[in-house]
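# Tertiary structure, described
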Amino acid sequence: MAHVSVRDLDVAFGSLKVLHNLNIDVEEGEFLVLLGPSGCGKSTLLNSIAGLLDIVDGQIWIAGDNVTWKEPKDRHIGMVFQSYALYPRMTVEGNLSFGLKTARVAKDEIQRRINAAADLLQIQPLMKRRPFELSGGQRQRVAIGRALVRDVQVFLFDEPLSNLDAKLRTELRVELKKLHIKLGSTMIYVTHDQIEALTLADRIAVMHGGLIQQLATPKEIYRKPVNLFVAGFVGSPAMNFLEGRISKANGSVGMKLVDGTDVALAGYEFSGQPQDGQPAVLGVRPEQIELKGAPGPATLPVTVALIDPMGADSLLWGTVGKDTVSVRIGAEDTYQLGQSVKASFQPSMASLFDAESGNRL
Amino acid sequence: MIVVAVGVYVVGIAFTFYWSFTNSKIFPSFQLVGLAQYRRLWSSDRWLVAVNNIWFYGAMSIVSALVFGYLLAVFMDQRIRQEDLLRSIFLYPFAMSLIVTGLVWQWILDPNLGINETMHSLGWTSFHFSPLVDPDTAIYGLVVAAIWQGSGFTMAVLLSGLRGIDAEIWRAAKVDGIPTWRTYLFIALPMMRGAVATAFVFQAVGAVRVYDLIIAMTGGGPGISTNMPAVYVISMITSSQNAGQGMAAATMLLLPVIAIVGLFFFWQWWSERRETAR
Amino acid sequence: MTSGETTTATGVSASMATSETRVEPRGAKPKSLSPARIGIYAFLIVAALFFLIPLYVMVVTSLKEMEEIRLGHLFNLPATWTLQPWVDAWLHACTGRDCFGLSPGFLNSVKITVPSVLISIGLASINGYALSFWRYRGANLLFGLLVFGAFVPYQVVVYPLIIALRDIGLFSTLIGIIAIHTIFGMPILTLLFRNFYAGLPIELFKAARVDGAGFWRVFFYIMVPMSVPITIVAVILQVTGIWNDFLFGIIFAGRPNWPMTVQLNNIVNTTQGTRLYNVNMAATILTAAVPLAIYFISGRWFVRGIAAGAVKG
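Residues numbered from 1 in each chain as written. Chains lettered and ligands numbered in written order. Predicted model: local features only at pLDDT ≥ 70, side-chain atom pairs only at ≥ 80, totals over all residues.

Residue and element names in this part refer to chain A. Here strand β16 (residues 313-320) runs beside strand β17 (residues 323-330); their pairing, made up of eight bridges, is antiparallel. Bridge assignment links leucine 316 to a residue of β17, and that residue is valine 327. In this structure, the hairpin formed by β16 and β17 is closed by a connection of two residues, where glycine 321 is found at a positive phi of approximately 65 degrees. (Pairing = 2+ DSSP bridges. Helix = DSSP H or I, 4+ residues; strand = E, 2+ residues; numbered from the N terminus.)

Another aspect to go through is the sheet that holds strand β15 (residues 299-309) of chain A. Residues and elements named next belong to chain A. Sheet architecture is open: four strands sit in the order β17-β16-β15-β18, paired in antiparallel fashion. Strands with a single pairing partner mark the edges of an open sheet, and in this sheet they are β17 and β18 (340-344). Here the average twist between neighbouring strands, direction ignored, is 50 degrees. Of the pairings in the sheet, the one linking β15 to β16 comprises six bridges and is antiparallel in character. Counted as the bridge partner of leucine 306 is tryptophan 317 from β16. (Axes fitted to C-alpha atoms, helices over the stretch in contact; angles between N-to-C directions.)

Okay, the nonpolar core next. Ranked by size, the top nonpolar core spans 260 residues in total, and within it Leu156(A), Ile188(A), Ala205(A), Leu158(B) and Ala249(B) carry the most contacts. Each residue touching Leu158(B), except ones within four places of it in the same chain, is listed here: Gly69(B), Tyr70(B), Ala73(B), Met192(B), Ala195(B) and Ala199(B). (Core = buried A, V, L, I, M, F, W, Y, C linked by C-beta atoms within 7 Å. Buried ≥ 20, exposed ≤ 12 C-beta atoms within 10 Å, placed from the backbone. Contact = placed C-beta atoms within 7 Å.)

Let's shift gears to unusual backbone geometry. Residues and elements named next belong to chain A. Each neighbour pair has its own omega, and for serine 236 with proline 237 the value is 0 degrees, a cis peptide bond. The residue proline 237 is located in the loop between α8 (228-233) and β11 (240-249) in this model. One non-glycine residue, arginine 104, lies in positive phi territory at about 55 degrees. Within the secondary structure, arginine 104 sits in the loop between α2 (92-102) and α3 (107-121). Given 6 C-beta atoms within 10 Å, arginine 104 falls into the exposed group. Despite not being glycine, aspartate 151 shows a phi value in the positive range, around 55 degrees. A count of 12 C-beta atoms within 10 Å places aspartate 151 in the exposed class.

A word on the domain arrangement of chain C. Residues and elements named next belong to chain C. Segmentation of chain C into domains returns domain 1 (36-82) and domain 2 (103-310). For the side of domain 1 that touches domain 2, the secondary-structure elements that each account for two or more residues are α1 (35-62) and α2 (66-70). Looking at the side of domain 1 that touches domain 2 element by element, the count peaks at four residues for α1. (Domains from an automatic or database assignment.)

Attention shifts here to the packing of helix α5 (residues 98-108) of chain B against helix α13 (residues 277-297) of chain C. The contact between α5(B) and α13(C) brings their axes to 10 Å, and the two run at 150 degrees. Classified by the angle between their axes, α5(B) and α13(C) sit roughly antiparallel to one another. α13(C) is crossed by α5(B), and the crossing has left-handed handedness. Residues Val100(B), Leu103(B), Val104(B) and Trp107(B) of α5(B) form the contact with α13(C), whose own contacting residues are Tyr277(C), Thr284(C), Thr287(C) and Ala288(C). A class-by-class count of the residues in the contact of α5(B) with α13(C) yields six nonpolar, two polar and no charged. (Parallel < 35°, antiparallel > 145°, perpendicular 65-115°, else oblique. Left-handed = near helix turned anticlockwise from the far one by under 90°. Nonpolar A, V, L, I, M, F, W, Y, C, P; charged D, E, K, R; others polar.)

Residues and elements named next belong to chain C. With their axes 9 Å apart at the nearest point, helix α10 (residues 228-243) and α13 run at an angle of 160 degrees to one another. Between α10 and α13, the crossing angle belongs to the class labelled roughly antiparallel. Like other packed secondary-structure pairs, α10 and α13 cross with a definite hand, here left-handed. In this structure, α10 contributes Ile236, Val239, Thr240 and Trp243 to the contact, and α13 contributes Val290, Pro291 and Ile294. Residues belonging to the contact of α10 with α13 are distributed by class as follows: six nonpolar, one polar and no charged.

All right, on to the environment of Phe229(A) then. Residue and element names in this part refer to chain A. By the secondary structure assignment, phenylalanine 229 is in helix α8. Expressed as a C-alpha distance, the spacing of phenylalanine 229 and glycine 36, which sit 193 residues apart in the sequence, is 9.9 Å. Ignoring anything within four residues of it in the chain, the contact list for phenylalanine 229 reads His208, Gln213 and Gly358.

In this assembly, 59 residues from chain C lie in contact with 64 residues from chain B. Looking at the side of chain C that touches chain B, the elements with two or more residues in it are α1, α4 (103-133), α5 (139-151), α6 (154-168), α7 (174-198), α12 (260-269), α13 and α14 (299-310) of chain C. Ranked by residues supplied to the side of chain C that touches chain B, first place goes to α1(C) with 10 residues. Taken together, the residues that form the side of chain C that touches chain B break down as 46 nonpolar, 13 polar and no charged.

Rendered as structure tokens:
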């Protein structure tokens, strides 16, 4: 049975419907990431699961209990906020114990739990300090510790790394992943940063406009995005998109780009039957385009416009007809501006989308 | 321009201080008499009563206004309908002159015409509530009027302090299972030191210089039971025509103000140093 | 848009193994009027009554006849409504020797308040501006002293001021009291303006300087147009404070210039004859009318003013 189960969830703010008939299940011990741009509804979903928001319709089940009408404290959850929200005027010890004291847990039990959490998170030496004396990483661990001492089943994270600079973000991301491995608890994590999602998640739910666009493993989402939105949102630098129409001729399927170039698509796995002349968008990731070696069957004529050196490798920007494409090249490779090169890619690795619906073909 | 203003203060205080050591009557004299004025001051019944009164009145009115003000602020923070209307009601006394406040409360507490009489006419003949008549209880009447006047302001300051607290703190407390009232008392209030201090200082300063209210409400009586240092100073200068005494009293009046304000700034400076030193 | 590969819940049955036939929680939690919520409203209503009762008493008593008042019953509505007390208060009440009511006092209050407000705000804004943008030696010290001055009880410096004004010949004159109010308004107002200007982006100031503007040009062309919010707040605070003042009025204004508050106190606290409570109440309301009106018209700004003044120091 799923550890966390959201069924037919409707959430509205006044007359504005934010989530509509949303269903999602989280397995026990899973690290699920809710990924999407601002306003997609991911924080709303998380807060609804937590019980911090009123819902219009639907049910929420956590660890076998129907918690739809329960207060946050009775939902077996712990939550880590963007600002960590540690009580500023209490010591670390005070922060960890305040909730337990309020619940009238026995003193020695409180001490036992605090020690267990402190050992696990390695915050034992910080007990007497105040939040303003702690570093970002330490604060994160104390915030997690606050949930840990309450013996919760599910951890909720509301963009905890968004307020930090890039370097700290990377460090804490690694810490979080290690923590998940150590604890093995169910974790639901909200972010707009797709790198965090790809590195941390067991599964990602990509959200847009209050709907889950795709729920799958990071690999699946990266390799086979289910629609244009997911394809463009995940991956950095972003996927290249080329517009055109499907052309079926002599039993082989290809694509005619807007400027007339023909691209062969042999090897692409179509999920249905594409129509001849159907407007479509071809998606190819920068690292999937090859400029050296013998060109394969699927080629694109690229005119070089700019090269961005990025340290370990470089990014070549070029044009195919009217569309701009980016290609990953080696740091030492050089090309002339305005040079025409034949770029080739494997259709089986690419993505093809219907131009109107945006869905994967 | 500032120099002028500051100059007035500095020079004024200096002169007050100087004349407290003289035997000035109506007009300032420059004949020094050492600490005679002070000695006379501290052996004067009127002054001693006034000092007693100001401590009692000050403590009671400040603490009550703060507590009541915080309660009001907490309740107003609960997403009440008609919040604007209620806030106007709580704050309007602040816009009224203390003379007006004193007069109105004098009537309400009048034994023959106020609450006392209304209760009697309703049948509760054993009800006695006329604090202003009795020298021992008159000061409570003043305190009530002070609370009426000042709680709204305290509420406004504390409410804006409450609203300045990060919303995530409230959510975290909710997830932690901490009941709302505890959150207000043990988490929010300690985070609001600045607002509390501000409200406290304003109330305190108002209490120390209270004059209009006394004049309007009790005139310092019955007898001298509600005399206050500020009233003493003015009456010394005007009706008693003993400026030297007045100056001595005024100097004594200044001391607690310096103490309070000084403490306030020192605490500000010290806590800023502590927080930025890490 | 469709969702992609959703893992289906493996055979979860919606009904729990409970035996009761109660409603399975779903959707919005039913909202009951909890005792806590009732308590909150009850407290606030009682508090509101506490604050409103004096106002009610004032209004009601001012509309009653004296015979009715002598019977007591403070909280009853008038049996016979009359506006005579208001007329008396305005035109006939006795303030010491003269019996011309409050109307001369009203005029005096206006004559005192308007110039004081204008001058003090004008000076304070210039001072605040100078303090926040132009660093000169001793600025911080002056500022500190100014803040201190805001808290000093007036009684401490009253006597030296009496002597000083008497020597200059301004004692008991209109100009004298205007000067007094201006001086005593300076600390708080300067603070207010300084904090406001300190909150403005300094780039504005620097850009103007680069353009060649000097002290006064920057002030009039840049700062003043931006100062509208804080000026409103300052005006409200000053008008309320000066109009409601009593101490300075009675000491420095002189008999012909007594403001309304002084006259009110005279009307009410004169011990000759019977106390005309209805007239007294009407007089009280009339005296409080101006600041109250300002308060109700500009309620939000007033609150902001208090908060702004309180955020300092």
